[in-house]
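Structural characterization, general
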Amino acid sequence: MAEPRILMCAPSHYDVDYVINPWMEGNLHRSSKALAMDQWQGLCALLQQRGRVELIEPQPGLPDLVFTANAAVVVENTAVLARFFHPERQGEEPWFGRWLESRGFQVVQLPQDLPFEGAGDALLDRGGGWLWAGYGFRSELAAHPLLARSLGVEVLSLRLIDERFYHLDTCFCPLSDGTLLYYPPAFDFYSNRLIESRLPAAKRLAVGEADALAFACNAVNLGDAVLLNQASASLRQQLEARGFTVLETPLGEFLKAGGAAKCLTLRLDEPRLPTTTAAPIPDLSRTVRLQGHLLDTGLINRALDQIVEAGGSFQVLDFTLGQQRHSPSSAAIRVTAPNGAVLGDLMAELIAMGADSGDDGDRDAALATVEQAGVAPDDFYVSTIYPTDVRIGGRWLRVEGQRMDSALVVVGGSEPKGPGQRVECRLLRDLRCGDSVVVGVEGLRTIRRDQPREGRETRQTDFSFMGAGVSSERRVELVVEQIAWEWRRIRDRGGKVVVVAGPVVIHTGGGVHLTRLVREGYVQALLGGNAIAVHDVEQALMGTSLGVDLQQGVAVHGGHRHHLQAINTIRRCGGLAEAVAQGVLRQGIFHACVQHRVPFVLAGSIRDDGPLPDTEMDLIAAQAAYARALAGADMVLMLSSMLHAIGVGNMTPAGVKLVCVDINPAVVTKLSDRGSLESVGVVTDVGLFLSLLVQQLGRLEQGWTAPPEPMGAAAQP
Ligand code: ARG
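Values in this document were obtained by computation on a predicted structure and should not be read as measured data. (Residues numbered from 1 in each chain as written. Predicted model: local features only at pLDDT ≥ 70, side-chain atom pairs only at ≥ 80, totals over all residues. Heavy atoms only, no water.)

So, about helix α9 (residues 299–309). Looking only at α9, the buried set comprises Leu299, Ile300, Ala303, Leu304, Gln306 and Ile307. Along the long axis of α9, the arc covered by the buried residues comes to 155°, so they all point the same way. Taken together, the buried residues of α9 touch β16 (285–292), β17 (313–320), β18 (329–336) and α10 (340–352). One or two steps after α9, the chain reaches Gly311, where phi turns positive at roughly 100°. (Buried < 20%, exposed > 50% of the residue type's maximum accessible area, 1.4 Å probe, protein only. Helix = DSSP H or I, 4+ residues; strand = E, 2+ residues; numbered from the N terminus. Arc of directions from axis to C-beta. Contact = heavy atoms within 4.5 Å.)

Set out below in structure tokens:
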């Protein structure tokens, strides 16, 4: 076998002159020229015993030129030249390029502005023959398909997530027997799964953090020799057990710049393995278009963050900034993903943010047929709370019965994509054999109503002037004023408000207030579980809630039995309505509901005592009854009931005003995380909230009908 060829560059001009990775921090001009030279010569000598070292002339002003690994990735006669991410290293490109050309390599240049840092981020697998390519810090994912094309190899993209391991070769080293030496925590979840799917456990040699930080994975492997800065005894043993000889060669001076053995070398004679296949390059890019108040609402930032967080990368193709405060901006973004699964998830997220499939917008949605009742086809599109359009037969159809976590089913019409068709949300359990379900992410868009910050404050017509978010105690009174005003308006125009309430409403003394709201026509439906009704009845019959005297706030002797007695009484009557009719239940929230014909639904749960005859213990029936009660709601008030509130949130489309009140910020945050502008969270005691609300409504009744002043804005004219 021919001698391995290795490119190196003597450290005559090496130093830490700038900071472009965490290792360089605190090390500015702290390296010793003499020691660096000694260490470099030590490595060079070991390599010369095993191969041919070729040298590139050092250049003043290019201290990192010693790290020849970053020059290019070379496979057979082709070298894809680096495009350095940091301007500090861009001056190296022409030197490396000229050197490679002069040695007869076919030098491929990537497009400007497409960072790729050579063999630092691209390593051939010596068992499988494919190219492992890193991205996340220095190289762009979008460069990977170009590597595949230029080198004629399959490229597997790995995302780096720990900035200490900013180049793939700092934490990843394919060895000659097909073993992979690597540090798994440096990679994201998907990348680890990819590695595990390509290499059996026996071929994976994971190192611990200490070895990783000593640059043990930044090793040069020639034949059975593994040259590295330092290896723990256990790592040495494991490598030896696989037949390798471990040669330590201290490189501390170079660690100060974030490099070690492998970084200081570039293999020039990597052969294409016979097993190497130029796998077809899947199209893992899509162009999406975002429109609206992109800067003002922060939408563009959120979208780009989302892409990167999910493991994709992007290129902004064009950005048209709206000139006036009220004119919308527009951006076309090319999204690239490392694999189909990530692309699907990513596109679904972007669609939920209101992205339109831009230049790819002429595609119809893909449909698949349900083959097993109650089971959707793989890859079915999961609905969100936002109004959604589906492109079928070239026409955009608005989805009916919008809610989250459903499948989208195409119904009606005679031909699969003919006229007369509709699309509706359907729960998995309601899918029937033969149903046509939307799969994938093509031909879909959602309508978002993000308002610019300024605009929000000037709109008087709805909640958006509050902005979505969680209000702290301080702001409770303000929020209450706004809710009261809105609620009054809804009632006056005959709208619909649904209240979802937990038993805490009773414990905190809110029962009287809620009763009053029911009596005065503010509530059009009440949703809860067994407990709120039981506590309300207990209070009505015995003056306690779970045995606690609500007037005195103390536990009543023997009071813990009260709530079972309450249940028993209602069961004897046959139900809440019957108890009212028989004159047994004479006050409280449910008494008011029965008297004022306000429908209520009680959804059962595993911990229910009794239950009351009114409690629906069939959860599927209970969900359906909730959904019916919620249809057409203008506003939903969620009062301290996490489970019921979240259930309701899932059934409610964007556009319905949601007010979530809970003493536990986690519950409130969870609901305002829907991201829809109309949801408002209030972290406070629900009894206090209800009393303030009733007071405020009382004030409005007395004729004070001016809208409250929006927070943070000047008074309205
Ligand atoms: N200071 C150099 C940089 O940050 C170190 C390069 C190390 N090279 C490598 N292949 N990991 O770019």
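What follows picks up the thread again.
Moving on, we come to the sheet that holds strand β5 (residues 106–108). Spatial ordering of the open sheet is given by β3-β4-β5, a layout of 3 strands whose pairing is mixed. Each edge of the open sheet carries a strand with a single partner, namely β3 (72–75) and β5. On average, each strand axis in the sheet is inclined to that of its neighbour by 20°, with strand direction left out of account. The pairing of strand β4 (residues 78–81) with β5 spans 3 bridges and is parallel. (Pairing = 2+ DSSP bridges. Axes fitted to C-alpha atoms, helices over the stretch in contact; angles between N-to-C directions.)

When a protein is soluble and globular, its nonpolar side chains tend to lie buried together. Core analysis: the biggest nonpolar cluster contains 53 residues, and Trp487, Leu637, Leu639, Phe689 and Leu693 have the highest contact counts within it. The leading source of residues in this core is helix α22 (residues 686–701), at 8 residues. Not counting residues up to four positions away in its chain, the partners in contact with Leu639 are Val499, Val500, Ala501, Gly502, Val505, Val661, Val686, Phe689 and Leu690. Counting residues in each nonpolar core, the second largest holds 34 residues, with Val288, Ile307, Tyr381 and Val441 among its members. (Core = buried A, V, L, I, M, F, W, Y, C linked by side-chain atoms within 4.5 Å.)

Moving on to the site of the ligand. Around the ligand, 17 residues are found, and the nearest of them are Asn21, Arg89, Arg138, Asp169 and Cys263. A distance of 2.7 Å separates an oxygen atom of the ligand from a polar side-chain atom of Arg89. In this structure, Ala257 approaches the ligand through a main-chain N or O atom, which is 2.9 Å from a nitrogen atom. Here the ligand, which alone exposes 350 Å², has 100% of that area covered by the protein. Counted by class, the shell around the ligand contains 7 nonpolar, 6 polar and 4 charged residues. (Near = heavy atom within 4 Å. Polar contact = N/O pair within 3.5 Å; in protein donor to acceptor, adjacent residues only side chain to side chain. Areas by Shrake-Rupley, 256 points an atom, 1.4 Å probe, with all protein chains shown as cover. Nonpolar A, V, L, I, M, F, W, Y, C, P; charged D, E, K, R; others polar.)

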